[in-house]
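Notes for the structure review
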Amino acid sequence: SIYRPPGKASDRFQKWTTPHGERHKEKLLESMTKEQAERLFQVSIASIELSTRDSYAAGLKHFNDWCDRNGRSEEERMPAAPGLIAAFLMEKAGTVGASAVNNWMAGLRLWHTINGAEWHGDSQVVTLVRKGVKKLAPISAKRAARPSAFVGVDMSTAAVVPCIIESV
């Protein structure tokens, strides 16, 4: 698509757009120069750490790939309706964990925000679907319980050790 040129993941927020995003940029040009508008996007995007940006950018890719596979128009992608976001997430249920979904949603929210689009990802239906995705996450996507730091320690003397160290 002309709205999603190839490039690095971290550049998607600046280079990927939609018809709504294009209209937003035109509106910005009514109150600032093209250079100022570009700088506004750069500074806004810089508020997110590069490693986080890469993680968030995965959400843009997954969402847009899903939209392509499901025949969703470029116009529908931003602002994305609650039902569209819910349908996207619903398809991922049972295949990904809450952490992935949270990163993808944060990325979509950022993309909407920097493009002046209303965000519907906090709607009731999306919230319910997110809870369902979390509950249906595969075991491989859930964090294993960390072993206790006291494995092999005689707990009857464990409380005495800090007291001895403190008195030294």
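This one's a predicted model, so the numbers in the text were calculated from it and none came from an experiment.

What about the pattern of salt bridges?
- This model, assessed by the stated rule, comprises 10 salt bridges.
- Residues lysine 61 and aspartate 65 are paired through a salt bridge, measuring 2.8 Å at the closest nitrogen-oxygen approach. You can see lysine 61 and its partner aspartate 65 sitting in helix H4 (residues 50-69), four residues apart, about one turn around the helix.
- Looking at lysine 61, the relative accessible area reads 35%, which means it is partly exposed.
- The class of aspartate 65 is partly exposed, set by a relative accessible area of 28%.

Some thoughts on the nonpolar core
- Phe13, Phe63, Leu89, Met105, Leu108 and Trp111 are the most contacted members of the largest nonpolar core, which totals 33 residues.
- Looking at this core, the elements that each hand over two or more residues are helix H3 (34-46), H4, helix H5 (82-92), helix H6 (98-114) and helix H7 (124-135).
- If one sorts the elements of this core by residue count, H6 sits on top with seven residues.
- If we ignore the near neighbours within four places in the chain, the residues touching leucine 108 are Gly59, Leu60, Phe63, Phe88 and Trp119.

Considerations on the environment of serine 1
- Take serine 1: it is sitting in the segment before helix H1 (12-15).
- Its relative accessible area of 52% is what places serine 1 among the exposed residues.
- Considering only alpha carbons, one finds serine 1 and tryptophan 16, 15 residues apart in sequence, at a separation of 9.6 Å.
- Only 3.1 Å separates the side chain of serine 1 from the backbone nitrogen of tyrosine 3, close enough to count as a polar contact.

So, the environment of threonine 95
- Looking at the secondary structure, you find threonine 95 in the loop between H5 and H6.
- Each C-alpha atom of the pair threonine 95 and isoleucine 139 lies 9.6 Å from the other, and the pair is 44 residues apart in sequence.
- Among the polar contacts made by the side chain of threonine 95, one reaches the main-chain carbonyl oxygen of lysine 92 at a distance of 2.6 Å.

Some remarks on the packing of aromatic side chains
- Going through the model one piece at a time under the given rule, you end up with three aromatic pairs.
- Here the aromatic rings of tryptophan 66 and phenylalanine 88 are separated by 6.1 Å at their centres, their planes lie at 65 degrees, and the arrangement is edge-to-face. Taken together, the positions of tryptophan 66 in helix H4 and phenylalanine 88 in helix H5 put the pair 22 residues apart, joining distant regions of the chain.
- We classify tryptophan 66 as buried; its relative accessible area is 5%.
- For phenylalanine 88, a relative accessible area of 0% translates into the label buried.
- Aromatic side chains phenylalanine 88 and tryptophan 104 sit 6.0 Å apart centroid to centroid with 40 degrees between the ring planes, which places their arrangement in the tilted category. Here phenylalanine 88, found in helix H5, pairs with tryptophan 104, found in helix H6; they are 16 residues apart in sequence, far enough to count as distant.
- Tryptophan 104 sits in the buried class, given a relative accessible area of 7%.
- One aromatic cluster is present, built from ring pairs that chain together Phe63, Trp66, Phe88 and Trp104.

The rules behind the values
- Residues numbered from 1 in each chain as written.
- Predicted model: local features only at pLDDT ≥ 70, side-chain atom pairs only at ≥ 80, totals over all residues.
- Heavy atoms only, no water.
- Salt bridge = Lys/Arg side-chain N within 4 Å of Asp/Glu carboxyl O.
- Helix = DSSP H or I, 4+ residues; strand = E, 2+ residues; numbered from the N terminus.
- Buried < 20%, exposed > 50% of the residue type's maximum accessible area, 1.4 Å probe, protein only.
- Core = buried A, V, L, I, M, F, W, Y, C linked by side-chain atoms within 4.5 Å.
- Contact = heavy atoms within 4.5 Å.
- Polar contact = N/O pair within 3.5 Å; in protein donor to acceptor, adjacent residues only side chain to side chain.
- Phe/Tyr/Trp six-rings, centres within 6.5 Å; stacked < 30°, edge-to-face > 60°.

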